[in-house]
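Survey of secondary and tertiary structure
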Amino acid sequence: MKFNVSSNDLNQGLSAVIGAVPTKATLPILETILFESEDGRLKLTATDLEISIIEYIDADIEEEGSVAIPAKRLQETLRQLPNIPVFFEVDEDQNVEFKTDKGKYKLVGEEADEFPEIPNMDGGTNLSTDTKLLQNAIGKTMFAVSTDDLRPAMMGVYFDIGENETKFVATDGHRLVKYVNQNFTSETPLSFIVPDKALSLISKALDDDSTDLIVSDDHAQFKSGSTIVITRLINEQYPNYESVIPRDNDKNLLIDKNQMLATVRRVSVFSSSTTRQIRLQLKNDKITIRAEDLDMSSEAKETISCEYSFDEMEIGFNAKYLGDVLSNVDGDEAKFEFSTPNRAGIVKPAEEEEGEQMLMLVMPVMLNSYA
Amino acid sequence: MNQQGEIGQSVIRTMPPELSNKIAAGEVIQRPASVAKELLDNAIDAGADHIKLIVQQAGRTLIQVVDNGCGMSEEDARLCFERHATSKIESIEDLFRVRTMGFRGEAMASIGSVSQIEMKTKRVEDDAGTLLEIWGGEEKRFEPVAVDDGTSVAVRNLFYNVPARRQFLKTDATELKHIINAFQNSALANTNIEFELHADGDRMYHLPKQDLKERIPALFGKQYKASLIPFEEETSYVKIHGMLADPKLAKKSRGEQFLFVNGRPFQHRYLTYVILSLFDTWTRQNEYPFYAIYFEIDPTQVDVNVHPAKLEVKFDDERSIIQLARSVIKKAINEYFAVPDIETSERVENDFDLSLDQFSNRSDSQRNRGGKTDPINIPSRINFRKSGIDGEESAERLYGGTDTDGDYSEEEQRQSSAKQGQSRDRGFWQLHNRYILTQTRTGLCVIDQHAAHKRIIFEKAMSATEESLPGTQQLLFAQTVELNATEFSLLKELLPIIQRMGFSIQLLSGNTSIINGVPADIEIGDEKAVLRDMLQQYRELTKKPSLDARKRVAIAFASRTAIPRGKKLSEQEMEMLIDQLFACNEPYHDPLEKPTLVTMSMDEMKRRFR
């Protein structure tokens, strides 16, 4: 195999796929990137067996062929090069030699046959959507994904694509986010769970305005421009999230989101480092946020104004959960909907774009009175 | 029975004094070492500051004690061999506050009845001394003699007139060992007295007046010099001080364990058991580390007159004495094995170092408060990012990605990179995803992540059951748990405790319960399995009667929720775990007393590479 490629193009291609190269590989072959010539272009593939990323780059192919090249070493060398042409030559024994006008470098590759097979997506359901929409949906939901191996279903974002709208849902059992977008639909409704590592790679890797999806039973492929990400899906039953979203939360509160977020973060510094517990006291257009850490004898209290005209109430939250949720509210104003101190609180943006609905839910912490 | 004919005659007679003395001797004087002990005690009571013990043939032929104490008058010299003759107490009240070693007035009479004694004594104020020889309780000589101030008692041919006794003496080596033990006891109890021990013409010990920390190596070997662990604790009731030796030097046999109360050596089975069990984790089976423990207590609170040879004592409030001794010694051992001084290259303003400082000062502050840790001073971390064991990543994703509060996240990032640099300096390394290795100022510390986390959770859970402090994180998806009948009734019984720990559980009919909430301060994972396993563990723990229900629940909870062995931890997680561990009251053991960490000093490391 012989080809000429610009170091810049190759670098970009490598950084697009390297996210799929596992840091600690169980199989040495996974630490390589597969180079293949395909239709006059160079096809780079990396995989960790769960997620595969394929990137096409322009190259001048002199002799067809394929080889798997150690990823780290190649990338580190190329990164240090200015934008110059690089000539690659691979012999039958997978010795890889590449030359620039600076000098030449030799390393040993692996046979392309050794490289794991990338799932075939033929026969899956085809869909197409706006890349921005997808990235936005991922960004809005991913924070709530569970990291708990014991709840595999919750370790990804649930895509529920329907005829009129698509729901993106994530939850870790303490908070939940549901983002609904009516601009993404499918004639044949389908739903699947995408693991969160794949989502961050997808979000990063997609580089064209539109994205084509192919969804099969076990895998989903996201293709945008010259990049393809294929991920294994989480084959689990997603919990019945609709049933836990309260419908009768009638105590509404409107508040400046940035102000509240800053307050929550400041006050929570004084909360116990293990519980992160803060308490919100709602009373006559005022909200008082307090935290205390008995171990450190520290406490903090701030009062900010808001719109609240219902019965006085006190509710506790894990500051991290509340902070996560608040920072995910679009716009300047957030709307809370409460019922009782032991039931879920709902957080929404006060204003929303046409065709989008965001709903977040935080489970409270039942408070014990201060000593 | 065949002497029925003599009924009517008096069969009960007062024993002649020789006989009763011999019988008393049977109790008090069991072997040459007993003689040595009695004579040493007398010398000490005589206020001597230089005492010489001379033995020949392990005391068979000679046991002699020469002191420079107050001596006796001619009259007293004779009187001291009378039974119940003593200079030490006068009235019954005195008996309950004796501070002298002897007081019963039995020793000299007893010894005199079973040996050939030659005593020379002279008071400072007298011109001439007195020589008195007594053989088998009979006075052989009594005459003035020229002698130095003080008393010299030479006991020859012990048990010469009690052949049965003599036969029962063990080998010379054994008897000598007992004598040496008696000598060591006296020498340890009286560091302000110069002691000498001569055996068969050789000087075995010569101990000038010296500190305990010098006397111990002088008595037991130089290897103790660098490995003594001193401790001290004072309450209004009792004062405890003493020295432990590094358990690494533990011997395969007993004999270097010393207890003293008000300067008197004593033996106490239970106390010894308690103390040795504190060393359990540091010694192998059947190894007995050295210790010398001194109790100072109001003499009215302790009865020393419960054993013929005064080997045992009885404390009025034995429980608190043992409790206190236990906690003092445990603390001393913990401090010795602790790694309170984990090394940092930079000691600067951020909270990381502050918490380290706190934890290295912790032992001091603890000492000041008599072992109780004030919750206010427990170092724990104030850091927004450290929100939970695995909240780290999502926090980074989130806070790194939003720009709503630019300043804050920049600050965050700066801190986080500084922190990462530092943990690297401090050095945490995980061995097979089980143990955390870290560098201490004096060597290496290996922490068992599971045991350490168990300790942390256990203490939290225990204080939760007392104060009911942590909130209950409500669950979005309530978990229905089907239990069997025994599990269910157990849950019913334990529910109040479990709820105080932060669980919110509802019992339904048909052995079903619903978990609505879990303790807010811990990532619990699979709630159903946790509850089931807790009940299971609890049942297993009922085999340990020393634990109350609360402890059992807390242990069961901790065992189930602690980081498992085999879980990969990030550096931050390791750092946080270690910080939390050292914030615990008893960081060195998990709730079931297994060690949470082991240390290896640089010296030991060096030795291994030799």
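Just so it is clear, the structure is predicted and the values come from calculations on it, not from any experiment.

**Comments concerning the overall build of chain A**
When you go through chain A residue by residue, the secondary structure sums to six helices and 26 strands. Of the contacts made within chain A by residues no fewer than 6 positions apart, 65% connect residues no fewer than 24 positions apart. For chain A, the accessible surface area stands at approximately 16200 Å², while carbon and sulfur atoms represent 41% of it.

**Concerning the nonpolar core**
F35(A) and M260(A) are the most contacted members of the largest nonpolar core, which totals 96 residues. In contact with F35(A), other than residues within four places in its own chain, are M1(A), F3(A), L10(A), L14(A), L42(A), K43(A), L44(A), G65(A), S66(A), V67(A), I69(A) and L74(A). Core analysis: the second largest hydrophobic core is formed by 57 residues, V35(B), L39(B), V114(B) and F290(B) among them.

**A closer look at helix 1 (residues 7-17) of chain A**
All names here are of chain A. Burial in helix 1 covers these residues: S7, L10, N11, G13, L14 and V17. The arc that holds the buried residues of helix 1, viewed along the axis, is 165 degrees, so those residues lie on one side. In this fold, the buried residues of helix 1 make contact with strand 1 (2-6), strand 2 (32-38), strand 3 (41-47), strand 4 (51-58), helix 2 (71-79) and strand 7 (85-90).

**Observations regarding the side chain of S327(A)**
Mapped onto the elements of the fold, S327(A) is located in helix 6 (residues 319-327). Within the structure, S327(A) has its side chain in polar contact with the backbone oxygen of D324(A) (distance 3.0 Å).

**Here we look at the sheet that holds strand 8 (residues 95-99) of chain A**
Each strand in a sheet pairs with its neighbour through backbone hydrogen bonds, running either in the same direction (parallel) or in the opposite one (antiparallel). Residue and element names in this part refer to chain A. The strand order 5-1-7-8-9 describes an open sheet built from five strands, whose pairing is antiparallel. One side of each edge strand has no neighbouring strand; the edge strands of this open sheet are strand 5 (60-63) and strand 9 (104-108). The sheet shows a mean angle of 20 degrees between the axes of neighbouring strands, taken without regard to direction. When strand 1 meets strand 7, the two strands line up antiparallel, connected through five bridges. Looking at strand 7, one finds that N4 is bridged to F87. Docked against the sheet, helix 1 engages strand 1 and strand 7, running at close to 90 degrees with respect to strand 1.

**As for the sheet that holds strand 15 (residues 210-215) of chain A**
Residue and element names in this part refer to chain A. Read from one edge to the other, the open sheet built from eight strands follows the order 6-2-3-4-17-16-15-10, with strand pairing classed as antiparallel. Pairing within the sheet leaves two strands with one partner each, and these edge strands are strand 6 (66-70) and strand 10 (125-130). Each neighbouring strand pair of the sheet contributes to a mean axis angle of 20 degrees, computed without reference to strand direction. Looking at chain direction, strand 10 and strand 15 are connected through six bridges and run antiparallel. Bridge pairing links T129 to T211 in strand 15. Helix 2 contacts strand 2 and strand 6 of the sheet and is inclined by roughly 80 degrees relative to strand 6. Contacting strand 10, strand 15 and strand 16 (219-224), helix 3 (residues 131-141) runs over the sheet at an angle of about 90 degrees to strand 10.

**Some remarks on a nonpolar patch on the surface**
On the surface, a nonpolar cluster with roughly 260 Å² of combined accessible area is contributed by M15(B), L19(B) and I23(B). Its place among the elements puts M15(B) in the segment before helix 1 (17-28).

**Let's talk about the confidence of the model for chain B**
Residue and element names in this part refer to chain B. In the predicted model, chain B carries a mean pLDDT of 77, and 79% of its residues have values of at least 70. Segment residues 1-6: pLDDT under 50, and zero contacts once partners within four positions in sequence are set aside and those in other chains are kept. Residue range residues 339-424 is modelled with pLDDT below 50. Its contacts to residues more than four positions away, or to other chains, number 159 contacts. Listed scores for the predicted complex are pTM 0.57 and ipTM 0.76.

**Structural notes on the pattern of salt bridges**
On inspection of all chains with the given rule, the structure shows 42 salt bridges over all chains. Of the charged contacts, one joins K454(B) and D590(B) as a salt bridge, the two residues approaching to 3.8 Å between their closest N and O atoms. Of this pair, K454(B) sits in helix 14 (residues 449-467) while D590(B) sits in the loop between helix 18 (571-582) and strand 22 (597-601), placing them 136 residues apart in sequence. Considered together, K454(B) and D590(B) belong to a single accessibility category, that of buried residues. Here the residues in one salt-bridge network are K167(A), K178(A), E242(A) and R247(A), joined through shared partners.

**Description of unusual backbone geometry**
Phi at D285(A) is positive, roughly 60 degrees, even though this residue is not glycine. Mapped onto the secondary structure, D285(A) falls in the loop between strand 19 (277-283) and strand 20 (286-293). What makes D285(A) partly exposed here is its relative accessible area of 37%. Positive phi, close to 50 degrees, is recorded for Q57(B), a residue that is not glycine. Mapped onto the secondary structure, Q57(B) falls in the loop between strand 1 (50-56) and strand 2 (62-67). Q57(B) sits in the partly exposed class, given a relative accessible area of 37%.

Calculation rules
Each residue is numbered by its place in its chain's sequence as written, counting from 1. As a convention, the first chain written is A and the first ligand written is 1, with the rest following in written order. Local features in a predicted model are, by the rule used here, given only for residues with pLDDT of at least 70; side-chain atom pairs are given and counted only at 80 or more, and totals for whole chains, interfaces and linings are based on all residues. Values reported for side chains reflect all heavy atoms of the structure, with hydrogen atoms and water molecules removed beforehand. Starting at the N terminus, helices and strands are each numbered in turn, a helix being any DSSP run of H or I of at least four residues and a strand any DSSP run of E of at least two. Contacts were defined at the residue level, with two residues in contact if any of their heavy atoms lie within 4.5 Å. Each accessible area is a Shrake-Rupley result for a 1.4 Å probe, and residues are judged covered by the shown protein chains and nothing else. Nine residue types can take part in a nonpolar core, namely buried Ala, Val, Leu, Ile, Met, Phe, Trp, Tyr and Cys, and a core is a set of them joined through side-chain atoms within 4.5 Å. Each residue gets one of three labels from its accessible area relative to the maximum for its type: buried under 20%, exposed over 50%, partly exposed in between, using a 1.4 Å probe on protein chains only. To obtain the arc, one takes the directions from the helix axis to the C-beta atoms. Any pair of N or O atoms that falls within 3.5 Å is considered a polar contact. Within protein, one atom must be able to donate a hydrogen and the other to accept it, and sequence-neighbouring residues count only if both atoms are side-chain atoms. Strand pairing follows a simple DSSP-based rule, namely that at least 2 bridges must link the two strands. Inter-axis angles, ranging from 0 to 180 degrees, are taken between N-to-C directions of lines fitted to C-alpha atoms, where helices are fitted over the stretch in contact. Like-charged residues are merged into a patch within 9 Å and nonpolar side chains (Val, Leu, Ile, Met, Phe, Trp, Tyr) within 5 Å, provided each residue has over 30% relative accessible area and no salt bridge. For this document, the term salt bridge refers to a Lys or Arg side-chain nitrogen within 4 Å of an Asp or Glu carboxyl oxygen. The pLDDT value expresses, per residue, how confident the predictor is, ranging between 0 and 100.

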